Amino acid sequence: MKNNNAEIAERLKGLREMLELTAEDMAEVTGLSADEYAQYETGERDFSVTLLYNCAEKFGVDVTELLTGTTPTLSSCSIVRAGQGVVTNRRRLFTYEHLAHNFKGRTAEPFLVTAPYEEGSENKPIALSSHNGQEMDYILEGELLLSVNGRTTLLKAGDTAYYDSSQPHGMIAVGGAPCRFMAVVLKAAED
């Protein structure tokens with residue numbers, strides 16, 4: 001199930017306006033300038049999962065509502081067949097397939113992630129992001145260079161990383177091939 005950036009952008013803008021938030025309010029939540037945030041609402045920029053997660057949290061909605069425009073309804077069990085998760089594609093970057101988009105009240109966001117290999121990327125700084133909660137990444141195939149709070153580690157198939165996702169973190173595929181991994185984002189505990 002693929003998703004359209006223009007539809008996500010429209011939902012972002014619609015929810016922001018309905019909640020009477022300004023672009024400056026959302027810029028603060030996302031760590032962007034108001035102009036940069038506005039580019040997401042017009043569909044000029046590709047969405048990161050971190051941005052969608054932070055916006056959904058501010059709007060008080062499930063991230064599925066931003067991705068699909070529907071509210072999750074299942075509460076006992078959710079089955080997502082192979083290749084049927086909600087996919088968020090980013091040009092030249094990671095593909096995230098949400099594996100529990102139809103389960104309401106999730107305490108975690110599970111994704112099957114494909115990170116493409118880009119020659120020379122291991123010689124450049126890794127783009128970092130942060131969001132509330134914790135994250136677990138389990139490598140299925142390929143190699144992933146993971147950076148968390150300034151510490152960089154090479155992960156291979158079968159390796160797992162678990163970390164505080166409020167710390168700056170990022171990753172890239174290395175070793176000449178794409179990397180596929182399970183990422184489970186755990187929401188921050190409420191006070």
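See above for the structure.
Position numbers for residues count from 1 along each chain, tracking the sequence in the order it is written. Local features are withheld for residues below a pLDDT of 70 in this predicted model, meaning they are given only at 70 or higher, and side-chain atom pairs are given and counted only at 80 or more; totals for whole chains, interfaces and linings count all residues. With hydrogens and water stripped out, all remaining heavy atoms of the structure feed into the side-chain values.

K.L.:
Would you mind showing me how to read the overall build of the chain here?
P.N.:
Helix and strand counts for the chain come out as 5 helices and 9 strands. Here the globule rule reads 2.2 Å times residues to the power 0.38, and the radius of gyration is calculated from C-alpha atoms. For 191 residues, the compact-globule estimate of 2.2 N^0.38 gives 16 Å, and the chain sits close to it at 16 Å. With respect to the principal axes defined by its C-alpha atoms, the chain has extents near 45 × 40 × 35 Å. Here, residues are in contact when the closest pair of their heavy atoms is within 4.5 Å. A fraction of 63% describes how many contacts in the chain between residues 6 or more apart in sequence connect residues 24 or more apart. Of note, the chain has its 17 positive side-chain charges centred 5 Å away from the centre of its 28 negative side-chain charges. Labels follow the DSSP assignment, with helices taken as runs of H or I lasting at least four residues and strands as runs of E lasting at least two, numbered in each case from the N terminus. Positive charges come from Lys and Arg, negative ones from Asp and Glu, while His and the chain ends are left out of the count. Here the site of a charge means atom NZ of a Lys, CZ of an Arg, CG of an Asp or CD of a Glu.

K.L.:
Would you mind showing me how to read the side chain of serine 121 here?
P.N.:
If you trace the backbone, serine 121 turns up in the loop between strand 3 (108-115) and strand 4 (134-141). Per-residue accessibility, obtained with a 1.4 Å probe over protein chains only, is compared with the maximum for each type, and a residue is labelled buried under 20%, exposed over 50%, and partly exposed between these values. A relative accessible area of 13% means that serine 121 is categorised as buried.

K.L.:
Looking at this model, I keep getting lost on the sheet that holds strand 2 (residues 95-98). Mind explaining?
P.N.:
Strands belonging to one sheet form pairs held by backbone hydrogen bonds; the direction of such a pair is parallel or antiparallel. In space, the 6 strands of this open sheet follow the order 1-2-3-9-4-7, with antiparallel pairing throughout. For this open sheet the edge positions go to strand 1 (86-89) and strand 7 (160-164), each flanked by a neighbour on one side alone. Each adjacent strand pair in this sheet contributes to an overall mean axis angle of 20 degrees, direction not counted. When DSSP finds at least two bridges between two strands, those strands are taken to pair. As judged from the 5 bridges shared by strand 4 and strand 7, these two strands associate in the antiparallel manner. Among the inter-strand pairings, aspartate 137 is bridged to a residue of strand 7, identified as alanine 161. Here an angle of 0 to 180 degrees is reported between the N-to-C directions of two axes, which are lines fitted to C-alpha atoms, with helices fitted over the stretch in contact.

Purely geometric numbers; function is a separate question.
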